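Reading the structure
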Protein chains: 4
Amino acid sequence: MLEVLRRQRIETPSWAYGNSGTRFKVFAQPGIPRTPFEKIDDAAQVHRFTGVAPSVALHIPWDRVDDWDALARHAADAGIELGAVNPNVFQEDDYRLGSLCNPDPAVRRKATDHLLECVEIGARIGSPVLSMWVADGTNYAGQDDIRARQDRLEAALREAYDAMPESMRLLLEYKFFEPHFYTMDVPDWGTSFAQCLRLGERAQVLVDTGHHAPGTNIEFLVAILLREGRLGGFHFNSRNYADDDLMVGAADPFQLFRILHELAGAGALEPDSGVAFMLDQCHNLEPKIPALIRSIVNVQEATAKALLVDREALAAAQRDGDVLGAHAVVMDAFHTDVRPMLAGLREDMGLDPDPLAAYHRSGYQQRIESERAGGAAMGWGA
Amino acid sequence: MLEVLRRQRIETPSWAYGNSGTRFKVFAQPGIPRTPFEKIDDAAQVHRFTGVAPSVALHIPWDRVDDWDALARHAADAGIELGAVNPNVFQEDDYRLGSLCNPDPAVRRKATDHLLECVEIGARIGSPVLSMWVADGTNYAGQDDIRARQDRLEAALREAYDAMPESMRLLLEYKFFEPHFYTMDVPDWGTSFAQCLRLGERAQVLVDTGHHAPGTNIEFLVAILLREGRLGGFHFNSRNYADDDLMVGAADPFQLFRILHELAGAGALEPDSGVAFMLDQCHNLEPKIPALIRSIVNVQEATAKALLVDREALAAAQRDGDVLGAHAVVMDAFHTDVRPMLAGLREDMGLDPDPLAAYHRSGYQQRIESERAGGAAMGWGA
Amino acid sequence: MLEVLRRQRIETPSWAYGNSGTRFKVFAQPGIPRTPFEKIDDAAQVHRFTGVAPSVALHIPWDRVDDWDALARHAADAGIELGAVNPNVFQEDDYRLGSLCNPDPAVRRKATDHLLECVEIGARIGSPVLSMWVADGTNYAGQDDIRARQDRLEAALREAYDAMPESMRLLLEYKFFEPHFYTMDVPDWGTSFAQCLRLGERAQVLVDTGHHAPGTNIEFLVAILLREGRLGGFHFNSRNYADDDLMVGAADPFQLFRILHELAGAGALEPDSGVAFMLDQCHNLEPKIPALIRSIVNVQEATAKALLVDREALAAAQRDGDVLGAHAVVMDAFHTDVRPMLAGLREDMGLDPDPLAAYHRSGYQQRIESERAGGAAMGWGA
Amino acid sequence: MLEVLRRQRIETPSWAYGNSGTRFKVFAQPGIPRTPFEKIDDAAQVHRFTGVAPSVALHIPWDRVDDWDALARHAADAGIELGAVNPNVFQEDDYRLGSLCNPDPAVRRKATDHLLECVEIGARIGSPVLSMWVADGTNYAGQDDIRARQDRLEAALREAYDAMPESMRLLLEYKFFEPHFYTMDVPDWGTSFAQCLRLGERAQVLVDTGHHAPGTNIEFLVAILLREGRLGGFHFNSRNYADDDLMVGAADPFQLFRILHELAGAGALEPDSGVAFMLDQCHNLEPKIPALIRSIVNVQEATAKALLVDREALAAAQRDGDVLGAHAVVMDAFHTDVRPMLAGLREDMGLDPDPLAAYHRSGYQQRIESERAGGAAMGWGA
């Protein structure tokens, strides 16, 4: 069990190090990176103190640089890797009515070309994952043809899929709503699954834990996708209402545990299982690096609890139809305090048992707040 | 357009003629059928006054009779057909922990045998559809293994599918929650779709309009299922909160119109399109036959409005990216008062232009209230 | 802190000892009480093993007996008290269109008289609480006049309120939906609050944790009601979807903790605070007495965690605007394993440290299963 | 009935004329106002073609000008009035942890002073309404003290209330979530109602139709607030998921009709009823002025349908307990096509029968697109 925790890999997203907010206000924070290089420096700090966050996801064009090799070297020097490449097809004025699904073929061409550029960047930096969020949709009944948009989506994804090297997977994210409010072109796991089936075996569903209808049982669909061999990975975060993008484990730690329980039961916690663990959060109020460290720790704690489930006792109780007994096995694991065990593991890995305290003591935060005082802080838009 | 409306076929469910209610109370009504034969008599009245409800769905064992040929003859004499066969795998004490997904193989065998009996009944009476609602699920985390239950489900459905005559389709319904409250074994269209893909081409998804998570865009998934060739049919009703089972069109007439707009665009309103139109409602407070007539009329009105959409103008506005213009084309159709047109169609079909008034004048209600005063009224449980 | 836990009082509901289910099926269990006296015997077992469940709520007419003094003596002999009286105004055919809000004055008179009877029973048995759930509502737009129904409700509650002895409080429960699906006459805390303000100081809001719209922040409204002096008490249970009536703490243990954290901060955990702790659950699949013991333990654990919150550190972090620090104080308490502490408390109270194991060893379940084999098991309807 | 429609007053919001969007992207449109004066010009166009939008709501500081008299004269010259004043307490970096509810007294002082400034502006321009949306809240459990924040809110609103001239009302808006995702300090009508009761009679609840939990029955709470004399007005818009801010009547025209039906029944459609009709929308994809004209027309159509309800027949059916009959009275009104009647009314008022077509013909849009090509377009942030 400690070995599984030691091998766990959780990727942080470059955009979580920049400023973010709601449509009403982006609150600026001190010490925010001004370049993709500085984002990587911050990501390296999260790995330095947690030991399980050795890669960082990129968002193109936010993280576009002239010299990709330089960025990769910078990352390697900092002790981390470049991870998933996330195309951005939602921040051009051209994309008002959609990108890959736009009724205008010229816009679709532009968006598709951006995917192809991202495939190329991914191939260049050795990224294993093209992580696709299609922010397209419509706001009004009749605005566009639902089915025609689906055909356009398939055609565009097909181009990207066919261009990918064998070592790359396409993960297709879905989202219930926002930025569109009548239809989203990929609103649920079923739609993503149907598109992936058409694309091929290296197309898989990406589950963002904040992108579901109210009340959705996420661990259930995780189990179904594992059964179908189409669970590509996670964007972890937490939510009370919509795509709240809060720290994973903050809103409903029991739900996070239940998801990890399904993964543990399917052997999908191992790095080579093909299920990518990534965070996708936005820290509007709280400081970025501490929030990411806290998030990593939350995932670790939920994982440790999931690994504590006595699976033999559970299987026996389930077989016997012992409802309360089976439930109790799961709850016993959840109620266990795994913090001492994780502290021990960290010491064993040569880390401080309390990553957050160690980060605060390190002086890094003070340094970036003073060093990065000039220049334009990066955010979602840049 | 009038031709499409004239050919429309909407099946009523035998169980809507019996008493129903909530877990808190079943309010008894006068004149309720005491036998499946009397349910068919009532269904025939709905067809007599609407002209578009020529078949009735059966629920086994509620509608089980000794002599199926007698029931079929009774229906033929009354001017209607026996439609979809609905197995009931949720009302035996054995099914406490599930039927087809139960951890106990003996229970699964019993439930699967019931499916096979239903296939046989369906073959006997010439039913085109085996309409499967799997009410299985769990109430507590850990209670059973999500994935193992899915395997059991597939095995059971496989037996039924393989036993079906070529002329029969298996429609697999999904439901977000109830009667189980942690997992349902088929909670969403994606799960039903995945199971149908494994079964074969004659397995299709059944969309019950009341069985979705809050906010779900039903017309979107209808469009997706049409695109995948897996939309088997509908259980129409309406809902504000959960599986409210109110009269179709009562809670959100615009949603019903939008669903029919998708069907119209795909040519799926024609009887030979393979999309079955069925009602599945429960009339707790209102009288049964009038409620069903009203429901049929509601579907007709929504259909008529959907057929009024100027599809050329719509396509042009969509192509031009004219958001307000495209939306206006759809809204213009919705705001049109189609009641005079439908009244004319009815007269053309030799019917009274106002089916509800005609039913009230017919004296049928008074007759059944006096004739059926003795005997046990049928309900969900019998 | 241990003293607060020792003094905690959680009332169990008589109806949770009877059979229950959904509208689709009530699964019968062995050993179910056949009389209100036997329900009290079972409630006494829950208290015997937990030490904090010394009273049982009654539902009239389900628990109506000829001799109330005999029932009270029976309870006293069993070591428990009779608690809240719950009028039932939803199970008569007369109540199809409502009880206290019915358009027919004769039906309102009947329902109001039932309230007055319940006040009388409550006075007779010394009950401190008249616990009102008004199951009234409508299913269709236009069915009745929303405001007129509110006037009728006020008039009926006024009669009951005026008839209550000084020692009795009227708690007005609200529910988002079910058994009605368009309007409920008391759907939310605001409506209950507005009615209570009109009635007087001894009218307070009853919060059933399962009766809210999706996403509702229950601890927030608990804090508001405490601030207004109108929080009368709780019906505890848990829910994933609707009024699921699962065991409290089963669906979202973190939510339960947060509610108790608000209560702890307001000093509302003390028995004399005027906030009544009651369970209102239905154990459809799991055995009744063990489910209630487990529920009591869940509330105890959440309470213990809430009491562990370092309120000085919390206040300091909140004052400093330290978002992550303040959150961490709360999470630290939640992640603490309080089971050993509660086991110690139980031993200190002369109880077995593991109430569920002790119950199973006691032989009581086997005894009732054999002794109660004959006779009609009680359920919601009887 | 035509007289009621002729007297109807619907206020448009100045901010709807500026650019808006989601947190992901604000799509710029041509012809957007660059000053508050130009916003008023655009608002005047909406009134010119609809005849029922004679005032415009202001947002401070977005619409702050040096010379308020000049702005008022500009409006008068354009034929419209300045309406509600909306303080903005969510767009300063100081407000990261709240404005009126911030733990820091200096921030609360600043925010309260802004309210007082808005009261002063309102008094100066003769505004009848201070329209308060408190965007405060928290993102994480424990982040701040729920009850203390409520105390701070009351103290700040008290200052503003006491400073208001007798002719001004304070309308307190509530919102379920966003921009905060754990608590909002005024999340529901009950909290707004409780605060208004403490403030005094000229404090009333503002209902924004997009600010509710999923499934909330808005017309019900409208009826309750009317009964309590605390319905101050509306922010109309429509939503499928969250605070979607779509055009009113676009997502669920039947809901809008039901709300207006409640208002009609309470005589609250008259301008002197004290219920303010205001739009609060954001036109991310569609052109602004046409979208606002369409929205006004949508409200008019829903109003006309509500006025068509045969209230005598409705009351009779309700009294008789005729569920289907009462529902049918309401549906008959909804299904009526009121467009010809409204076209006639417009002609009678000296307007073009088709306001949108008339606007398009007027050349105004082309003029602003060319005239406003230079300069910075206004948006939410400016």
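Since the structure is predicted, the reported quantities are computational estimates derived from the model, not experimental observations.

1. Details of the interface of chain B and chain A
Between chain B and chain A, the residue contacts involve 53 residues of the former and 53 residues of the latter. Of the roughly 4,200 Å² buried at the junction of chain B and chain A (both faces included), carbon and sulfur atoms supply 61%. Where chain B meets chain A, there are six salt bridges. Residue glutamate 228 of chain B pairs with arginine 198 of chain A through a salt bridge whose shortest N-O separation is 3.0 Å. Joining chain B to chain A, the criterion identifies 17 residue pairs in polar contact (both at pLDDT 80 or more).

2. Considerations on the side chain of serine 127 of chain B
Tracing the chain through its elements places serine 127 of chain B in the loop between helix 4 (105-125) and strand 4 (129-133). Among the polar contacts made by the side chain of serine 127 of chain B, one reaches the main-chain carbonyl oxygen of glycine 83 of chain B at a distance of 2.7 Å.

3. Brief notes about the packing of aromatic side chains
Scanning the entire structure with this criterion turns up 72 aromatic pairs over all chains. Ring geometry for phenylalanine 234 of chain D versus phenylalanine 236 of chain D: centroids 4.8 Å apart, planes at 5°, classification stacked. You'll find phenylalanine 234 of chain D and phenylalanine 236 of chain D in the same group, each marked buried. The side chain of arginine 202 of chain A reaches across the aromatic face of tyrosine 161 of chain A, ending 5.2 Å from its centre. Sitting above the plane of the phenylalanine 334 of chain C ring, lysine 305 of chain C keeps its charged end 4.6 Å from the centroid.

4. Focus: unusual backbone geometry
Along the chain, isoleucine 60 of chain B connects to proline 61 of chain B via a cis peptide bond; the corresponding omega equals 20°. Mapped onto the elements, proline 61 of chain B comes out in the loop between strand 2 (55-60) and helix 3 (68-78). In this structure, the amide linkage connecting glutamate 178 of chain B to the following residue, proline 179 of chain B, adopts the cis form with an omega of 15°. Locating proline 179 of chain B in the fold gives a position in the loop between strand 6 (169-173) and strand 7 (183-184). Backbone geometry at glutamate 178 of chain C places phi at a positive 75°, although glycine is not the residue there. By the element assignment, glutamate 178 of chain C lies in the loop between strand 6 (169-173) and strand 7 (183-184). In this model, aspartate 245 of chain D sits at a positive phi of 60°, which is unusual for a non-glycine residue. Relative to the helices and strands, aspartate 245 of chain D is located in the loop between strand 9 (231-236) and helix 8 (253-265). With relative accessibility at 4%, the residue aspartate 245 of chain D sits in the buried group.

5. A word on the pairing of strand 3 (residues 81-87) of chain A
Successive residues of a regular strand alternate their side chains across the two faces of the sheet. Residues and elements named next belong to chain A. Of all seven residues that make up strand 3, six are buried, and the element is covered over most of its length. Pairing geometry for strand 2 (residues 55-60) and strand 3, over five bridges, is parallel. For valine 56, the partnering residue across the bridge sits in strand 3 and is leucine 82. Where the polypeptide runs from strand 2 across helix 3 (residues 68-78) and back to strand 3, its parallel neighbour, the crossover connection is right-handed.

6. Focus: the relation of the copies chain B and chain C
Both copies of the chain are tied together by a single rotation about an axis and a shift running along it. In the superposition of chain B on chain C (RMSD 0.0 Å, axial shift 0.0 Å), the rotation amounts to 180°. Put plainly, the chains are arranged around a two-fold axis. If distances are taken from each C-alpha of chain B to the rotation axis, the shortest is found for arginine 23 of chain B, at 2.0 Å. Of the residues that chain B buries at the interface, 100% are likewise interface residues in chain C, meaning the two copies contact each other through the same surface.

Conventions used here
Residues numbered from 1 in each chain as written. Chains lettered and ligands numbered in written order. Predicted model: local features only at pLDDT ≥ 70, side-chain atom pairs only at ≥ 80, totals over all residues. Heavy atoms only, no water. Contact = heavy atoms within 4.5 Å. Buried area = accessible area lost by both parts, 1.4 Å probe. Salt bridge = Lys/Arg side-chain N within 4 Å of Asp/Glu carboxyl O. Polar contact = N/O pair within 3.5 Å; in protein donor to acceptor, adjacent residues only side chain to side chain. Helix = DSSP H or I, 4+ residues; strand = E, 2+ residues; numbered from the N terminus. Phe/Tyr/Trp six-rings, centres within 6.5 Å; stacked < 30°, edge-to-face > 60°. Buried < 20%, exposed > 50% of the residue type's maximum accessible area, 1.4 Å probe, protein only. Lys NZ or Arg CZ within 6 Å of the ring centre and 35° of its normal. Pairing = 2+ DSSP bridges. Right-handed = clockwise from strand over helix to strand, strands pointing away. Least-squares fit on C-alpha atoms with pLDDT ≥ 70 in both.

This is a description of form; function is not addressed.
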